[in-house]
Amino acid sequence: MVTRTSIRLGMASLLAIAGLTALSAPADAASTLGAAAAEKGRYFGAAVAANHLGESAYVSTLDTEFNSVTPENEMKWDAVESTRNSFNFTAADQIVSHAQSKGMKVRGHTLVWHSQLPSWVGTLAAADLRTAMNNHINQVMGHYKGKIHSWDVVNEAFQDGSSGARRSSPFQDKLGNGFIEEAFRTARAADPAAKLCYNDYNTDGVNAKSTAVYNLVKDFKARGVPIDCVGFQSHFNSASPVPSDYQANLQRFADLGVDVQITELDIEGSGTSQATSYSNVVKACLAVSRCTGITVWGVTDKYSWRAGGTPLLFDGNYSKKAAYTAVLTALGGTGSGGGGTAACSVSYSKQEEWSDRFNGKVTVTAGGSAISNWTTTVTVTSPQKISATWNGTPTWDSSGNVMTMKPNGNGSLAAGASTSFGFTVMTNGNTAAPVLGSCTAS
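A brief report on the enclosed structure follows. Throughout this description, residue numbers start from 1 for each chain and increase along the sequence as written. Note on the predicted model: pLDDT of at least 70 is required for a residue's local features to be given, and 80 or more for side-chain atom pairs to be given and counted; whole-chain, interface and lining totals, by contrast, use all residues. Only hydrogens and water are set aside when side-chain values are computed; all heavy atoms of the structure are taken into account.

Some points on helix α9 (residues 178-190)
Now for step 1: Look at α9: 18 Å from first C-alpha to last across 13 residues, which is about the 18 Å you get at 1.5 Å a residue.
Now for step 2: Buried residues of α9: Phe179, Ile180, Glu181, Ala183, Phe184, Thr186, Ala187 and Ala190, and no others.
Now for step 3: Elements in contact with the buried residues of α9: β4 (105-113), α7 (126-143), β5 (150-155), α8 (170-175), β6 (195-200) and α10 (208-223). Working definition: helices are DSSP H or I runs of at least four residues, strands are E runs of at least two. Numbering for both runs from the N terminus. What a helix is expected to span follows from its residue count: subtract one and scale by 1.5 Å. Each residue's exposure class comes from its accessible area (1.4 Å probe, protein chains only) as a fraction of the maximum for that residue type: buried when under 20%, exposed when over 50%, partly exposed otherwise. Only heavy atoms enter the contact rule, under which two residues are in contact if any of them lie within 4.5 Å.

Here it is as structure tokens:
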């Protein structure tokens, strides 16, 4: 039987190796995104790529922080039915199996979409295309029946701009406006228990495009067409920020009697500005009772489809960014500074490396309230020794392997702000990553 102590030490080692953050949290507190969201009756998910599930830091971050997944590309038409009526679910199955083994929900993405279609779909005449569309829905949903919480049944069917018109696609051009209704009716029969969603982008505020979607949903609800939820992709940047009427827009859809979900959230930027935008999105969802969950479109910046804009909650080293702290704060999780409690978190990343030594960097981030001081520990594995430090004041235990680091001078940090210290580890033949202790703030 494994002792609780050994489990804690093993997890600490895993966090350090993966470059993850050690939180100042009691073991029974909601100290992760998924756990904090669950306490609010919601999920917090991430888009997942099957080809990254062999990377330990990726999987550790996913498993620790999230309680829902969306396959990034693996369920799209070109991935599962590149040849007509020949289905390949291998990559998607890998994601679904992993999620189920960890008790995570799965969002299905996506069944009918104009993009990432194999070329054969566009060559079909109308009657044949209708047969192919319905067969695709039935086969894919049938394969995953009972395993998918929500399906993006139809994705991005409306044009951008002020027209509110439908987007040109093989489905729209050959089957007409009725293809969306037909897709939803087919989907309901294929898996009656799954939530059926319409999903789109640039519909986050009240505008012509979102109003066109609103009118579609209103009509469906009035006529009994099965639709359970609307997905708001929520891709934001400085040119397209979180709209001021974001919450009001979510609420007007919810008032039609459907759930709303934030399905592909990413926000380009950094620092306080990015953190504030993320916080505002989470607060808007929490303020709408039928906003059932949030999915960020990826785990780490380095694999984001917008990697140059660093739009996610974890950087390329899987360290938690200020945006992460802001989201956890908004969800009411530990480290949020709720009630004015001082809190901080720490994350490790390896820096320069030589044959006999390497440099490490620890980033200290304040929680949801300003702090005046902080302390944390760094433990190296014998025969390793720390030979130099900078930007902090260290003390040592009797073994010389556990370093307690305090600020070098003023330890004050504003809410969500960060500082860092560094050190050199002489490996003496052992290249194991240091283990971080929790961060203590005052």
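Let us keep going from here.
Here we look at the state of the cysteines
Now for step 1: In what follows, a disulfide is any cysteine sulfur pair within 2.5 Å. In total, this model carries 3 disulfides according to the counting rule given.
Now for step 2: Residue pairing for cysteine 285: its cysteine sulfur links by disulfide to cysteine 291, the two sulfurs lying 2.1 Å apart. The S-S bond linking cysteine 285 to cysteine 291 shows a torsion near -100°; that makes this disulfide left-handed.
Now for step 3: Cysteine 291 sits in the buried class, given a relative accessible area of 1%.
Now for step 4: A sulfur-sulfur separation of 2.0 Å characterises the disulfide bridge that pairs cysteine 344 with cysteine 439. Between cysteine 344 and cysteine 439, the S-S torsion sits near -100°, and that sign places the bridge as left-handed. Of this pair, cysteine 344 sits in strand β11 (residues 344-353) while cysteine 439 sits in the loop between β18 (435-436) and β19 (440-441), and the two are 95 residues apart along the sequence.
Now for step 5: Under the relative-accessibility criterion, cysteine 439 is labelled buried at 2%.
Now for step 6: By sequence-ordered numbering of the bonded cysteines, the protein has its disulfides arranged as 1-2, 3-4, 5-6.

Focus: the pattern of salt bridges
Now for step 1: We define a salt bridge as a side-chain nitrogen of Lys or Arg found within 4 Å of a carboxyl oxygen belonging to Asp or Glu. Summed over the entire model, instances satisfying the criterion amount to 19 salt bridges.
Now for step 2: With a closest N to O distance of 3.0 Å, arginine 84 and aspartate 128 form a salt bridge. Of this pair, arginine 84 sits in the loop between α4 (77-80) and α5 (90-101) while aspartate 128 sits in helix α7, and the two are 44 residues apart along the sequence.
Now for step 3: Exposure remark for arginine 84: the relative accessible area of 34% places this residue in the partly exposed category.
Now for step 4: In this structure, aspartate 266 and arginine 306 form a salt bridge, with 2.7 Å as the shortest nitrogen-oxygen distance. Of this pair, aspartate 266 sits in strand β9 (residues 259-267) while arginine 306 sits in the loop between β10 (291-296) and α13 (322-331), and the two are 40 residues apart along the sequence. One exposure class covers both aspartate 266 and arginine 306, and it is buried.
Now for step 5: Taken together, the shared-partner salt bridges connect Glu181, Arg185, Asp219 and Arg223 into one network.

Examining the pairing of strand β12 (residues 357-366)
If a strand is regular, its side chains alternate between the two faces of the sheet.
Now for step 1: Counting buried residues in β12 gives 7 out of 10 residues, a clear majority hidden from the surface.
Now for step 2: As paired elements, β11 and β12 share 8 bridges and run antiparallel to each other. By the bridge assignment, serine 347 is partnered in β12 with threonine 363.
Now for step 3: Two strands form a pair only when DSSP identifies at least two bridges running between them. In this antiparallel pair of consecutive strands, β11 and β12, the connection spans 3 residues.
Now for step 4: Relative to strand β17 (residues 418-426), β12 runs antiparallel, the two sharing 9 bridges. Pairing of threonine 365 across the sheet is with serine 418, part of β17.

Examining the packing of aromatic side chains
Now for step 1: Aromatic rings from Phe, Tyr and Trp, taking only the six-membered ring of Trp, are treated as a pair when their centres fall within 6.5 Å; an angle between ring planes under 30 degrees marks them as stacked, one over 60 as edge-to-face, and anything in between as tilted. Scanning all chains against the criterion turns up 17 aromatic pairs.
Now for step 2: Ring centres of phenylalanine 421 and phenylalanine 423 lie 6.4 Å apart, and the angle between their planes is 40°; this geometry places the pair in the tilted category. As far as burial versus exposure is concerned, phenylalanine 421 and phenylalanine 423 are alike and both buried.
Now for step 3: By definition, being over a ring means that NZ of Lys or CZ of Arg is both within 6 Å of the ring centre and within 35 degrees of the ring normal. Lying across the ring of tyrosine 214, arginine 252 places its NZ or CZ 4.8 Å from the centre.
Now for step 4: In this structure, arginine 357 is placed above the aromatic ring of tryptophan 354, and the distance from its NZ or CZ to the ring centre is 4.5 Å.

Without other data, these values stay purely geometric and don't point to any function.
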